[in-house]
2 protein chains.
Amino acid sequence: MAPNKVQVPRISDAVAASLERRILEGSLKPGDRLPPERELAIELGVSRPSLREAIQKLASKGMVQSRQGGGTYVTDRLESTFFDPWQDMMGAHPGLREDLLEFRRMLEGQAAEWAAERATDADLTRLTQAFDAMNAAFDANDLERRASTDIDFHQAIGEATHNVLIGHLSAALLRLMQDNIRLNLGELKSIPAAISLLKNQHAAIHTAIVERKPSAARAAAETHIDFVRESLAQSLRSAARRETAERRLNAD
Amino acid sequence: MAPNKVQVPRISDAVAASLERRILEGSLKPGDRLPPERELAIELGVSRPSLREAIQKLASKGMVQSRQGGGTYVTDRLESTFFDPWQDMMGAHPGLREDLLEFRRMLEGQAAEWAAERATDADLTRLTQAFDAMNAAFDANDLERRASTDIDFHQAIGEATHNVLIGHLSAALLRLMQDNIRLNLGELKSIPAAISLLKNQHAAIHTAIVERKPSAARAAAETHIDFVRESLAQSLRSAARRETAERRLNAD
DNA sequence: TTGGGTAAGTGGTCAAACCAATTTGCGATA
DNA sequence: TATCGCAAATTGGTTTGACCACTTACCCAA
């Protein structure tokens with residue numbers, strides 16, 4: 001007969017859902033390596049074949065990726081499905097950058113507000129860790145680490161909102177913008193004055209969230225984006241000037 | 001290191017591909033029952049665990065469906081393999097629905113506000129057309145048209161914001177939610193009272209935008225989402241009640 | 001310091017068994 | 001003869017334990 005009755009819960013489904021939840025909620029981040037199958041199986045209280053079936057499910061959804069002998073890693077289909085198409089579009093239509101910044105102003109303002117309202121102590125701990133790491137990267141002037149810790153910081157805020165969409169979107173959009181900036185502008189000049197301002201802005205966001213002041217957190221986040229928007233506009237103007245002076249390079 | 005080398009072929013992948021081919025080529029038609037795992041494993045020259053991993057892959061793609069003791073069947077609705085990763089995730093984690101609604105409340109509130117501020121006359125014309133079409137679909141109680149015109153209406157608002165991200169996201173998220181509701185709840189009951197309320201809410205949004213009252217537009221949009229959220233919660237409660245009465249099904 | 005090589009770690013596969021749900025079919029009963 | 005009920009066979013679900021293949025990391029020798 002046709003299979004239409006209610007399904008008995010399958011272990012592999014439950015395990016897949018459990019891992020999926022960890023990924024969605026951020027305790028397993030993109031790029032992270034999963035524990036070895038043998039350990040994970042014990043931790044989850046299932047046999048290794050069952051765990052493997054669950055992993056196959058996630059793999060077929062593109063959420064994880066395994067290499068024999070190497071380990072199993074979290075990919076991120078979630079963000080890429082939403083925003084891969086946007087990447088080339090951003091390159092083709094620079095006007096989108098302004099839209100993106102406007103959108104981020106709303107998104108991160110809301111994220112900061114909710115984070116200040118809802119963060120658990122564990123969230124705040126993680127947030128502070130990310131904040132410290134970011135400051136260290138800024139001080140060291142390590143551009144690569146600056147970018148990644150910046151993402152971590154925003155992601156920590158996103159996770160503290162306890163809204164999966166906010167968490168993934170804010171990090172994804174920041175990443176999208178960083179890539180786009182790098183692709184189209186090269187590295188932004190690191191003017192000491194700007195660095196100092198950025199650090200102050202991040203500190204204001206961090207403090208407001210930790211002290212649980214939602215409206216202050218929102219305001220600080222919006223100020224931050226406004227500053228980024230303005231700096232970016234200036235860089236673009238000078239880049240355009242330079243470009244015009246040097247050479248004619250048409251890209252659209 | 002990052003997983004970027006070429007993958008060694010996995011047996012379960014090959015087996016999954018083989019079965020998939022049989023299904024796509026028609027030698028396994030929708031509704032057909034697969035041979036027992038033990039036989040199929042021998043026939044394909046692999047062990048049962050490997051075969052099972054392959055079956056899990058197909059199951060997660062929605063191509064087959066297994067019932068303990070009953071057998072494994074080729075899904076008869078192959079067309080619905082249009083799924084996107086978020087869709088089944090919403091099914092697996094109902095909590096996401098609440099996150100999505102909360103996110104939409106922010107998004108559509110902002111969209112309505114911006115639309116009221118920025119809409120051109122052409123935008124307003126298109127918005128009014130979409131609004132009329134939606135009302136007609138609601139009056140005719142044509143569920144299919146109701147869903148599509150609803151999306152059109154929200155998309156028209158999104159376009160009126162002149163922010164590409166808002167426009168695409170609000171329509172995409174609405175579509176995602178509609179599909180999810182249809183998949184997991186069946187059609188929502190069309191209570192005349194609710195229909196009337198929905199029409200009023202849409203009218204309030206439309207009017208506020210046309211009359212260029214940003215804060216009123218935001219408020220109307222937020223009220224709308226709040227109503228949807230509440231209606232959905234009620235439907236879910238009654239669905240849960242029904243389910244509990246019928247059978248005990250634990251999925252966590 | 002560097003190079004190579006080995007050992008440990010980790011995913012991939014297999015085999016055999018038992019459990020749990022469903023299906024089938026036989027036999028007893030009306 | 002028809003039908004119902006129950007038990008056995010069927011079939012997917014899960015576990016254990018073992019071994020293979022590939023990768024990583026470490027250590028020792030040159």
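Residues numbered from 1 in each chain as written. Chains lettered and ligands numbered in written order. Predicted model: local features only at pLDDT ≥ 70, side-chain atom pairs only at ≥ 80, totals over all residues. Heavy atoms only, no water.

Peer 1: Which residues make up the protein's contact with DNA strand D, and what values do they have?
Peer 2: What surrounds DNA strand D is a group of 25 residues, the closest being Ile 11, Ser 50 and Arg 67 of chain A together with Arg 48 and Arg 52 of chain B. Considering DNA strand D, the proportion of its atoms within 4 Å of the protein that are sugar or phosphate atoms stands at 65%. In this structure, a base nitrogen belonging to DNA strand D sits 2.7 Å away from a side-chain N or O atom of Arg 48 of chain B. Interatomic distance of 3.3 Å between a backbone N/O atom of Gly 69 of chain B and a sugar or linking oxygen of DNA strand D. Elements that contribute at least two residues to the surface near DNA strand D include exactly α3 (48–60) of chain A together with α2 (37–44), α3 (48–60), β1 (64–67) and β2 (71–74) of chain B. For the surface near DNA strand D, a count of residues per class yields five nonpolar, ten polar and ten charged. (Near = heavy atom within 4 Å. Polar contact = N/O pair within 3.5 Å; in protein donor to acceptor, adjacent residues only side chain to side chain. Helix = DSSP H or I, 4+ residues; strand = E, 2+ residues; numbered from the N terminus. Nonpolar A, V, L, I, M, F, W, Y, C, P; charged D, E, K, R; others polar.)

Peer 1: Please set out the packing of α2 of chain B against α3 of chain B residue by residue, giving values where relevant.
Peer 2: What describes two packed helices is the angle between their axes and the distance between those same axes. Residues and elements named next belong to chain B. Relative to each other, α2 and α3 sit at 100°, their axes nearing to 9 Å. Considering the angle they form, α2 stands roughly perpendicular to α3. On α3, the residues that touch Glu 37, Arg 38, Leu 40, Ala 41 and Leu 44 of α2 are Arg 48, Leu 51, Arg 52 and Ile 55. Residues belonging to the contact of α2 with α3 are distributed by class as follows: five nonpolar, no polar and four charged. (Axes fitted to C-alpha atoms, helices over the stretch in contact; angles between N-to-C directions. Parallel < 35°, antiparallel > 145°, perpendicular 65-115°, else oblique. Contact = heavy atoms within 4.5 Å.)

Peer 1: Explain the environment of Arg 10 of chain B to me, using residue names and the numbers behind them.
Peer 2: Residues and elements named next belong to chain B. By the secondary structure assignment, Arg 10 is in the segment before α1 (11–25). Judged by its relative accessible area of 30%, Arg 10 falls in the partly exposed class. Placed 44 residues apart in sequence, Arg 10 and Ala 54 show a C-alpha to C-alpha distance of 9.9 Å. (Buried < 20%, exposed > 50% of the residue type's maximum accessible area, 1.4 Å probe, protein only.)

Peer 1: Can you explain the nonpolar core? Please cite residues and give values.
Peer 2: Phe 103 and Ile 209 of chain A together with Phe 103 and Ile 209 of chain B are the most contacted members of the largest nonpolar core, which has 100 residues in total. Excluding residues that lie within four positions of it along the chain, Ile 209 of chain A makes contacts with Ala 112, Ala 115, Ala 116, Leu 124, Leu 127, Ile 157 and Ala 217 of chain A. (Core = buried A, V, L, I, M, F, W, Y, C linked by side-chain atoms within 4.5 Å.)

Peer 1: Account for the protein's contact with DNA strand C, with residues named and values stated.
Peer 2: Surrounding DNA strand C, one finds 24 residues, the nearest of these being Arg 48 and Arg 52 of chain A together with Ile 11, Ser 50 and Arg 67 of chain B. For DNA strand C, the backbone portion of the atoms within 4 Å of the protein, that is sugar and phosphate, comes to 68%. Between DNA strand C and Glu 37 of chain A, the relevant distance is 2.7 Å, taken from a phosphate oxygen to a main-chain nitrogen or oxygen of the residue. Gln 68 of chain B is positioned such that a nitrogen or oxygen atom in its side chain is 3.2 Å from a base nitrogen of DNA strand C. Broken down by secondary-structure element, the contributors of at least two residues to the surface near DNA strand C are α2 (37–44), α3, β1 (64–67) and β2 (71–74) of chain A together with α3 of chain B. Per-element accounting of the surface near DNA strand C gives the leading share, three residues, to α3 of chain B. For the surface near DNA strand C, the residue count by class is four nonpolar, ten polar and ten charged.

Peer 1: An account of unusual backbone geometry is requested, with residue identities and associated values reported.
Peer 2: Phi is positive for His 162 of chain A, which is not a glycine, with a value near 55°. For His 162 of chain A, the location among the structural elements is in the loop between α7 (143–160) and α8 (164–185).

Peer 1: Outline the packing of aromatic side chains, listing residues and values.
Peer 2: Going through the model one piece at a time under the given rule, you end up with two aromatic pairs over all chains. Relative to Phe 153 of chain A, the ring of Phe 131 of chain A lies with its centre 5.9 Å away and its plane at 45°, an arrangement referred to as tilted. Taken together, the residues span a long stretch of sequence, with Phe 131 of chain A in helix α6 (residues 121–140) and Phe 153 of chain A in helix α7 at a distance of 22 residues. The two residues Phe 131 of chain A and Phe 153 of chain A agree in class, both being buried. Its guanidinium or amino end placed over the ring of Phe 138 of chain B, Arg 146 of chain B lies 4.7 Å from that ring's centre, counting from NZ or CZ. (Phe/Tyr/Trp six-rings, centres within 6.5 Å; stacked < 30°, edge-to-face > 60°. Lys NZ or Arg CZ within 6 Å of the ring centre and 35° of its normal.)

Peer 1: Describe in detail the pairing of β1 of chain A, supporting the description with residues and values.
Peer 2: Residue and element names in this part refer to chain A. Here β1 shows a clear split, with Val 64 and Ser 66 buried on one side and none of Gln 65 and Arg 67 buried on the other. Pairing of β1 with β2 involves four bridges; the strand directions are antiparallel. Note that in β2 the partner of Ser 66 across the bridge is Thr 72. The loop that links β1 with its antiparallel partner β2 comprises three residues; one of these, Gly 69, has a positive phi angle of about 80°. (Pairing = 2+ DSSP bridges.)

Peer 1: Mind laying out the side chain of Glu 108 of chain A, listing which residues take part and the relevant values?
Peer 2: All names here are of chain A. For Glu 108, the location among the structural elements is in helix α5 (residues 95–118). For Glu 108, a relative accessible area of 6% gives the class buried. In contact with Glu 108, not counting residues within four places along its chain, are His 154, Ser 170, Ala 221 and Ile 225.

Peer 1: How would you summarise the packing of helix α1 (residues 11–25) of chain A against α2 of chain A if you had to cite specific residues and measurements?
Peer 2: All names here are of chain A. Closest axis-to-axis distance for the α1/α2 pair is 12 Å, and the angle between their directions is 105°. For the element pair α1 / α2, the angle class is roughly perpendicular. In contact with Val 15, Ser 18, Leu 19 and Arg 22 of α1, α2 contributes Leu 40, Glu 43 and Leu 44. Within the contact of α1 with α2, the residues separate by chemical class into four nonpolar, one polar and two charged.

Peer 1: I'd like a rundown of the pattern of salt bridges, residues and numbers included.
Peer 2: Applying the stated criterion across every chain yields a total of 41 salt bridges over all chains. Salt bridges sharing partners connect three or more residues here, namely Glu 98, Arg 105, Glu 113, Arg 218, Glu 222, Asp 226 and Arg 229 of chain A. (Salt bridge = Lys/Arg side-chain N within 4 Å of Asp/Glu carboxyl O.)

Peer 1: Any chance you could break down the side chain of Gln 110 of chain B for me, citing the residues and the numbers?
Peer 2: Residue placement: Gln 110 of chain B occurs in helix α5 (residues 95–118). When its relative accessible area of 9% is taken as the criterion, Gln 110 of chain B is described as buried. There is a polar contact of 3.2 Å between the side chain of Gln 110 of chain B and the side chain of Arg 218 of chain B. Apart from the residues within four sequence positions on either side, Gln 110 of chain B is in contact with Met 106 of chain A together with Ile 166 and Arg 218 of chain B.

Peer 1: Tell me about α2 of chain B, and please be specific about residues and values.
Peer 2: All names here are of chain B. Every buried residue of α2 is accounted for by Glu 37, Leu 40 and Ala 41. What you see down the axis of α2 is that its buried residues fit within an arc of 105°, all on one side. With respect to the buried face of α2, the exposed residues turned more than 90 degrees away are Arg 38 and Ile 42. Backbone geometry just after α2 places Gly 45 at a positive phi near 75°. (Arc of directions from axis to C-beta.)

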